[in-house]
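Remarks on the overall topology
The primary structure of each chain is shown beneath.
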Amino acid sequence: MLLELREITKTYLLGEIPVKALNGVSLDIDKGEFIAICGPSGSGKSTLLNIIGTIDTPSTGSVRYAGQDILAMTDDEQTAMRNGTIGFIFQTFNLVPVLSALENVMLPLSFRKMSAVAARDKAMGTLVGVGLEKFVNHRPNKLSGGQRQRVAIARALAQEPALVIADEPTANLDTATSMQILDIMLDLNTKQKITFLFSTHDPRLIDRVKRIMWLQDGVIKSDQRKSAA
Ligand SMILES: Nc1ncnc2c1ncn2[C@@H]1O[C@H](COP(=O)(O)OP(=O)(O)OP(=O)(O)O)[C@@H](O)[C@H]1O
Ligand SMILES: [Mg+2]
């Protein structure tokens, strides 16, 4: 099993008032799955993805990644584990404005002490893979929303993650671009067996995933697997 969550709760304090964002979430994710997390605004989707991506920690419960207890790790161990295995795509892309598409994709590779030549090759290959070969030298403000999202996907993929987590990856995109992004993700899922877990409000994406999880008030209301469309 790639990922095992048990009885995850998360309580935020809003001033002095506790807000229960997650209220006992347990789930298993296998290698190669393609999963959408749906649910109303405030149901806990981002909180859950942040916990799985080790960006946030739960109040109680356990998270195992390939059998290892993530919460028992030191910060350094967590970072090492995340760098090799989890790619996170943020809703707002989080691209560095003064860097080109290529440099944005290279940046986390250089943090991992990859040589500049190797990082450049890897970044270039990944950008070509998402159809951005003509745009590698463009800065984010010279790219469309869909192109920026593809840079963010390339940045996550260049690190060869087993699991890609994306918080509303198509929220800011028009229908045609959303479908292109979904096609890229499905293609990577099929060909490279990369596991995808993403939140969405978009019914057109929901139709094409292999598994849908519905969250409501911080609990999983339903979890359905279906044959791929
Ligand atoms: N940092 C925070 N401090 C306090 N409360 C928070 C914090 N982050 C989230 N919450 C609360 O936790 C609950 C779940 O929020 P979350 O962002 O996970 O929802 P979501 O399903 O991603 O919503 P959306 O679809 O609007 O993105 C909400 O009630 C939210 O107000
Ligand atoms: Mg959210």
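For clarity, every value in this text was computed on a predicted model and none was experimentally measured. (Residues numbered from 1 in each chain as written. Chains lettered and ligands numbered in written order. Predicted model: local features only at pLDDT ≥ 70, side-chain atom pairs only at ≥ 80, totals over all residues.)

Here's the deal with the overall build of the chain
Along its length, the chain carries seven helices and ten strands. Over its C-alpha trace the chain gives a radius of gyration of 17 Å, about what one expects of a compact globule, namely 17 Å for 229 residues. When its C-alpha atoms are laid out on the principal axes, the chain stretches across 45 × 40 × 35 Å. Buried positions account for 36% of the 229 residues belonging to the chain. Relative to all contacts within the chain whose residues are 6 or more apart in sequence, the contacts with residues 24 or more apart total 68%. (Helix = DSSP H or I, 4+ residues; strand = E, 2+ residues; numbered from the N terminus. Rg over C-alpha atoms; globule rule 2.2 N^0.38 Å. Buried ≥ 20, exposed ≤ 12 C-beta atoms within 10 Å, placed from the backbone. Contact = placed C-beta atoms within 7 Å.)

Quick word on the packing of helix α3 (residues 101-111) against helix α5 (residues 145-157)
Contact geometry of α3 with α5 gives a least axis separation of 8 Å together with a crossing angle of 30 degrees. Here α3 is positioned roughly parallel relative to α5, judged by the angle of their axes. Crossing of α3 over α5 shows right-handed handedness. Residues A101, N104, V105 and P108 of α3 form the contact with α5, whose participating residues are V151, A154 and R155. Of the residues that constitute the contact of α3 with α5, the class distribution is five nonpolar, one polar and one charged. (Axes fitted to C-alpha atoms, helices over the stretch in contact; angles between N-to-C directions. Parallel < 35°, antiparallel > 145°, perpendicular 65-115°, else oblique. Left-handed = near helix turned anticlockwise from the far one by under 90°. Nonpolar A, V, L, I, M, F, W, Y, C, P; charged D, E, K, R; others polar.)

Focus on the environment of G87
Looking at where G87 falls in the secondary structure, it is placed in strand β6 (residues 86-89). With 66 residues separating them along the chain, G87 and A21 place their C-alpha atoms 23 Å apart.

What about the packing of α3 against helix α4 (residues 116-129)?
Axis separation between α3 and α4 bottoms out at 9 Å; the angle between their running directions is 125 degrees. Our classification of the angle between α3 and α4 gives oblique. For the pair α3 and α4, the sense of crossing is right-handed. Residue-level contacts link A101, L102, V105, M106, L109 and S110 of α3 to A116, A119, R120, K122, A123, M124, T126 and L127 of α4. In terms of residue class, the contact of α3 with α4 is built from ten nonpolar, two polar and two charged.

A closer look at the site of ligand 1
In the vicinity of ligand 1, the residues found are Y12, L14, V19, A21, G39, S41, G42, S43, G44, K45, S46 and T47. The set of elements that each furnish at least two residues to the shell around ligand 1 consists of β1 (3-14), β2 (17-29) and α1 (45-52). Sort the elements by how many residues they give to the shell around ligand 1 and α1 lands first, with three residues. Across the shell around ligand 1, the residue classes tally to four nonpolar, seven polar and one charged. (Near = placed C-beta within 6 Å.)

Some details on the nonpolar core
V105, A154 and I165 are the most contacted members of the largest nonpolar core, which totals 55 residues. Among the elements that line this core, the one with the most residues is α5, at six residues. Setting aside residues up to four positions removed in sequence, V105 forms contacts with A123, T126, L127, V151, A154, R155 and A158. (Core = buried A, V, L, I, M, F, W, Y, C linked by C-beta atoms within 7 Å.)

Considerations on the pairing of strand β3 (residues 34-38)
In terms of residue burial, β3 counts as a mostly covered element, since four of its five residues are buried. Direction of pairing for β3 relative to strand β8 (residues 195-199): parallel, over a ladder of four bridges. Pairing of F34 across the sheet is with F196, part of β8. Note: β3 against strand β9 (residues 211-216), four bridges, orientation parallel. (Pairing = 2+ DSSP bridges.)

Looking at unusual backbone geometry
Backbone geometry at E160 places phi at a positive 50 degrees, although glycine is not the residue there. Note on E160: 13 C-beta atoms within 10 Å, which makes it partly exposed. A positive phi angle is found at E168, which is not glycine, with a value near 50 degrees. Looking at the secondary structure, you find E168 in the loop between β7 (163-167) and α6 (175-192).

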